[in-house]
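Residues per chain are reported as follows:
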2 protein chains.
Amino acid sequence: MKLAVIGVGLIGGSFALALKQAKLASHVVGVGRNPANLKLALERGAIDSIAADPAAAARGADLVFLATPVSYYPKILSSMSLHAKAIVTDAGSTKRDVVAAARNAMKEKISQFVPGHPIAGAEKSGVAAATPELFRNRRVVLTPLPENPAAAVSKVEQAWESCGARITKMNPDEHDAVLAAVSHLPHVLAFALVHDIAARANAAQLFSYAAGGFRDFTRIASSHPEMWRDVCIANRDRLLEEIDRYSKNLGSIRKIIEAADSAALEKLFSDARAARQRRLDGEFES
Amino acid sequence: MKLAVIGVGLIGGSFALALKQAKLASHVVGVGRNPANLKLALERGAIDSIAADPAAAARGADLVFLATPVSYYPKILSSMSLHAKAIVTDAGSTKRDVVAAARNAMKEKISQFVPGHPIAGAEKSGVAAATPELFRNRRVVLTPLPENPAAAVSKVEQAWESCGARITKMNPDEHDAVLAAVSHLPHVLAFALVHDIAARANAAQLFSYAAGGFRDFTRIASSHPEMWRDVCIANRDRLLEEIDRYSKNLGSIRKIIEAADSAALEKLFSDARAARQRRLDGEFES
């Protein structure tokens, strides 16, 4: 199988490395904006050749993997001439906007696009951080379209299975609602905290007293700014709902603190701790 | 030196283990509410004997280490009969309320109380998680009182140095303002997020799609509920200021997202990432 990777960063590079390791991809052609990063991708064996642009990369490819910020999709998808059996999939963190952009750009070829989202981000960016193990035991959500033939979906599933990922399917609406709550909102909250601390006159002092908890809490504020800009804007209706819901909830907790209501505060903290323990640790251990 | 540890949990247990390892403490007497935990502390060698209550533990002690939730301090401090050279220090996460409580309970013996705060929390609780390495290279803030003789402060510094901690001094006001921003606020934000997700009808689904970023972001929501209840209430004036500041800042970001202002959003995210990289990673690597 000839694989084209559009955007050879952490995600694109890790996907290429995994498919090559599984011997599913015999040749990987990569394209990207950063020549130094592409050179490193060649050196690391993530790609076998460099194409001048996405159209050139996609020419003759059996599988095209889009791993650029989502805002580049329309231009990329419009430029590609796919052969009849080629499949395009992607790694975009939002799916409603991606599907709309793909329909608009690909027209009748939309049946060849199987949208996907590996839930395996990291605060690192670039192919330097890529690893074939990135997706092992991580969830990948596919949001297949009514137009997709079963064989197209299977091909994408097979690729993710070779990465060791756990595949689930949703519709794009449900995907965007779920991710707004457990991914997009936390990213905004972490960016907001770091931005606020950094803007203060005593920022250096504050950061110097930040301990492991702060470091963990804000790790996602080291995520890729351009990617997260696109995510927040593409999914903004859902994200705004989540921000409003969160703000209201924070307001309730503020009232409890202001009233020095020990019992209510301890119950709230205990409930949160118990839920996290039960649900999240369990999930991650399974 | 005879050390009394009031509250042999993660912090008290780790302090005892470190002082014994450094051969600074020849005998450690522990007291606590949970008999199974105290038994484990004996087995782990964190303590050498168990006292019936804080007054019994403090009798004859050269150094008393308070590591209970702060709300227990008044009762504990009132009950103790200290010999003239005994020093009391603590691990409370707030300092203004601790100093006020100690003044009230200890009267003229306040000169024997040197307030402290090791900034080395963890989401684990109990002596099972204790380790003599917990404080290595971590900051410990001392907020000495005007009444403290130099020798009393030195004794506490020596104890923390034997733990490998980096000691700094502040006044209680400054301590509480700094910690409200970089510790107390993030804890409230994490508890709020987990509490909100856990309360939803589709909580199980949401948690199951939460990835590493969510897990890191919410790790501090597994912190000790009773301790954090006390912290939030004791430092509530500063914490409310921080919550209001944060809410306002989140509101500004909300407006940028609503307006789909790509440039402003990317700048904000880039600034946050750069600040975190420069300040926090640098601090932790040094």
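Residues numbered from 1 in each chain as written. Chains lettered and ligands numbered in written order. Predicted model: local features only at pLDDT ≥ 70, side-chain atom pairs only at ≥ 80, totals over all residues. Heavy atoms only, no water.

**Q** For the interface of chain B and chain A, give the residues involved together with the corresponding values.
**A** Contacts between the two partners involve 87 residues from chain B, matched on the other side by 87 residues from chain A. When the area that chain B buries against chain A is broken down by residue, the three leading residues are B:Tyr209, B:Arg273 and B:Arg276, summing to 9%. With a closest N to O distance of 2.7 Å, A:Glu242 and B:Arg200 form a salt bridge. Our count for the chain B to chain A interface comes out at 30 residue pairs in polar contact (both at pLDDT 80 or more). Broken down by element, the side of chain B that touches chain A gets its largest block of residues, 17 residues, from helix H7 (residues 172-198) of chain B. By residue class, the composition of the side of chain B that touches chain A is 47 nonpolar, 16 polar and 24 charged. (Contact = heavy atoms within 4.5 Å. Buried area = accessible area lost by both parts, 1.4 Å probe. Salt bridge = Lys/Arg side-chain N within 4 Å of Asp/Glu carboxyl O. Polar contact = N/O pair within 3.5 Å; in protein donor to acceptor, adjacent residues only side chain to side chain. Helix = DSSP H or I, 4+ residues; strand = E, 2+ residues; numbered from the N terminus. Nonpolar A, V, L, I, M, F, W, Y, C, P; charged D, E, K, R; others polar.)

**Q** So what about the environment of A:Ile256? Which residues, and what values?
**A** All names here are of chain A. Along the chain, Ile256 turns up in helix H11 (residues 236-258). The class of Ile256 is buried, set by a relative accessible area of 18%. For Ile256 and Leu77, which are 179 residues apart along the polypeptide, the C-alpha to C-alpha distance reads 51 Å. (Buried < 20%, exposed > 50% of the residue type's maximum accessible area, 1.4 Å probe, protein only.)

**Q** Before we move on, can you summarise the packing of aromatic side chains with the specific residues and values?
**A** Enumeration over the complete set of coordinates arrives at 13 aromatic pairs over all chains. With a centroid separation of 4.0 Å and 15° between ring planes, the pair formed by A:Phe269 and B:Phe191 is classed as stacked. Here the residue A:Phe269 occupies a position in helix H12 (residues 262-285), and B:Phe191 occupies one in helix H7, the pair thus bridging two chains. By the burial criterion, A:Phe269 is buried, and B:Phe191 matches it. Clustering of aromatic rings is evident, with ring pairs tying together A:Phe15, A:Phe65, A:Phe135 and A:Trp160. Lying across the ring of B:Tyr209, A:Arg139 places its NZ or CZ 4.4 Å from the centre. (Phe/Tyr/Trp six-rings, centres within 6.5 Å; stacked < 30°, edge-to-face > 60°. Lys NZ or Arg CZ within 6 Å of the ring centre and 35° of its normal.)

**Q** Got a sec to walk through the nonpolar core? Specific residues and values, please.
**A** Counting 88 residues, the largest nonpolar core has A:Val182, A:Tyr246, A:Ile257, B:Val182, B:Tyr246 and B:Ile257 as its most contacted members. Those residues within four positions of A:Ile257 in sequence are excluded, and the remaining contacts are A:Leu265, B:Val188, B:Cys232, B:Arg236, B:Leu239, B:Leu240 and B:Ile243. In this structure, B:Leu24, B:Leu63, B:Val127 and B:Leu134 belong to the second largest nonpolar core, which totals 37 residues. (Core = buried A, V, L, I, M, F, W, Y, C linked by side-chain atoms within 4.5 Å.)

**Q** Outline the confidence of the model for chain A, supporting the account with residue identities and numerical values.
**A** On average, residues of chain A score 94 in pLDDT, and 97% of them are at 70 or above. Under the prediction, the complex receives an ipTM of 0.89, its pTM being 0.89. (pLDDT = per-residue confidence, 0-100.)

**Q** Describe the sheet that holds strand S8 (residues 139-142) of chain A, with residues and values.
**A** Residues and elements named next belong to chain A. Read across the sheet, 3 strands follow the order S7-S8-S9 without closing on themselves; strand pairing throughout is mixed. Each edge of the sheet is formed by a strand with only one pairing partner; in this case those strands are strand S7 (116-118) and strand S9 (166-169). In this sheet, neighbouring strand axes are inclined to one another by 20° on average, regardless of whether the strands run parallel or antiparallel. Sheet topology note: the S7/S8 ladder contains 3 bridges and is antiparallel. Bridging across to S8, Pro118 finds its partner in Val140. (Pairing = 2+ DSSP bridges. Axes fitted to C-alpha atoms, helices over the stretch in contact; angles between N-to-C directions.)

**Q** Describe the relation of the copies chain B and chain A, listing the residues and the values that go with them.
**A** When chain B is fitted to chain A, the best match, at an RMSD of 0.0 Å, comes from turning it 180° and sliding it 0.0 Å along the axis. Given the turn and translation reported, the copies of this chain are related as if by a two-fold rotation axis. For chain B, the smallest separation between a C-alpha atom and the rotation axis is recorded for B:Phe217, amounting to 2.0 Å. The fraction of interface residues of chain B whose copies in chain A are also interface residues reaches 100%, indicating that both copies meet through the same surface. (Least-squares fit on C-alpha atoms with pLDDT ≥ 70 in both.)

**Q** Any details on unusual backbone geometry? Residues and values, ideally.
**A** All names here are of chain A. Located in the positive-phi region is Lys107, a residue other than glycine, with phi close to 50°. Along the chain, Lys107 turns up in the loop between helix H5 (96-106) and strand S6 (113-114). Assessed through its relative accessible area of 52%, Lys107 is described here as exposed. Backbone geometry at Ala260 places phi at a positive 50°, although glycine is not the residue there.

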